[in-house]
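Report on the structure
Here is how the chains run, residue by residue.
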Amino acid sequence: MSRVIYHSVPPQTVVQRFARTWAPSATLWGAGAGVAALYLLSVTPLVKREFLSKVPVLGGYFQDKTPASDKPF
């Protein structure tokens, strides 16, 4: 007859195993959600002015170069 022997597992091992398993997936999903949010919100003036125009490489593309006389508000 076989005996069942339970080995105790330290709690930090469980947490490390969980983090090591899910961290890459969570990172990719988070980055994808951030890029999607910026893409969807890139048409709003607040996001263009406060965030996208301050990105070092792409900032010039998102700067508003419309003269003040052509802006309705």
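Just so it is clear, the model here is predicted, and its values are computed rather than measured.

1. Focus on the overall build of the protein chain
- Helices and strands together make up the secondary structure of the protein chain, namely 3 helices and 0 strands.
- Counting helices and strands in the order they occur from the N terminus, the protein chain gives α-α-α.
- Relative to the globule expectation of 11 Å for 73 residues, the C-alpha radius of gyration of the protein chain, 25 Å, shows a markedly less compact shape.
- Expressed along its principal axes, the backbone C-alpha trace of the protein chain runs to roughly 90 × 20 × 15 Å.
- Counting over 73 residues, the protein chain shows a buried share of 7%.

2. A look at the packing of aromatic side chains
- According to the stated counting rule, one finds 1 aromatic pair in the structure shown.
- Both rings, one in Y61 and one in F62, keep their centres 5.0 Å apart while their planes meet at 85°; by these two values the pair is edge-to-face.
- Its relative accessible area of 68% is what places Y61 among the exposed residues.
- Residue class for F62 comes out partly exposed when judged on its relative accessible area of 21%.

3. Remarks on the pattern of salt bridges
- The full count for this structure, using the stated rule, is 3 salt bridges.
- A salt bridge links R49 to E50, with the nearest nitrogen and oxygen atoms 3.4 Å apart.
- In this structure, K71 and D64 form a salt bridge, with 2.8 Å as the shortest nitrogen-oxygen distance.
- Each of R49, E50 and K54 takes part in one network of salt bridges that share partners.

4. Here's the deal with a nonpolar patch on the surface
- A surface patch of nonpolar side chains, about 390 Å² in accessible area, is lined by Y39, L40 and L41.
- Within the secondary structure, L40 sits in helix α1 (residues 11-41).

5. So, the confidence of the model for the protein chain
- Mean pLDDT for the protein chain: 90, with 100% of residues reaching 70 or above.
- Averaged over each element, pLDDT in the protein chain is lowest for helix α3 (residues 59-62) (87) and highest for α1 (94).

6. Thoughts on the environment of S53
- When you line up the elements, S53 lands in the loop between α2 (45-50) and α3.
- Residues S53 and D64, 11 residues apart in the sequence, show an inter-C-alpha distance of 8.6 Å.
- Excluding residues that lie within four positions of it along the chain, S53 makes contacts with K48, G59, F62 and Q63.

7. Remarks on α1
- The end-to-end C-alpha distance of α1 is 42 Å, a good match for the 45 Å that 31 residues give at a rise of 1.5 Å each.
- Considering bend angle alone, the principal kink of α1 is centred on W22 and spans about 40°; proline P24 follows within four residues of it.

Parameters at a glance
Residues numbered from 1 in each chain as written. Predicted model: local features only at pLDDT ≥ 70, side-chain atom pairs only at ≥ 80, totals over all residues. Heavy atoms only, no water. Helix = DSSP H or I, 4+ residues; strand = E, 2+ residues; numbered from the N terminus. Rg over C-alpha atoms; globule rule 2.2 N^0.38 Å. Buried < 20%, exposed > 50% of the residue type's maximum accessible area, 1.4 Å probe, protein only. Phe/Tyr/Trp six-rings, centres within 6.5 Å; stacked < 30°, edge-to-face > 60°. Salt bridge = Lys/Arg side-chain N within 4 Å of Asp/Glu carboxyl O. Patch = residues over 30% accessible without salt bridge, like charges linked within 9 Å, V, L, I, M, F, W, Y side chains within 5 Å. Areas by Shrake-Rupley, 256 points an atom, 1.4 Å probe, with all protein chains shown as cover. pLDDT = per-residue confidence, 0-100. Contact = heavy atoms within 4.5 Å. Expected span 1.5 Å × (residues − 1). Bend = angle between axes of the 7 residues up to and from the residue.

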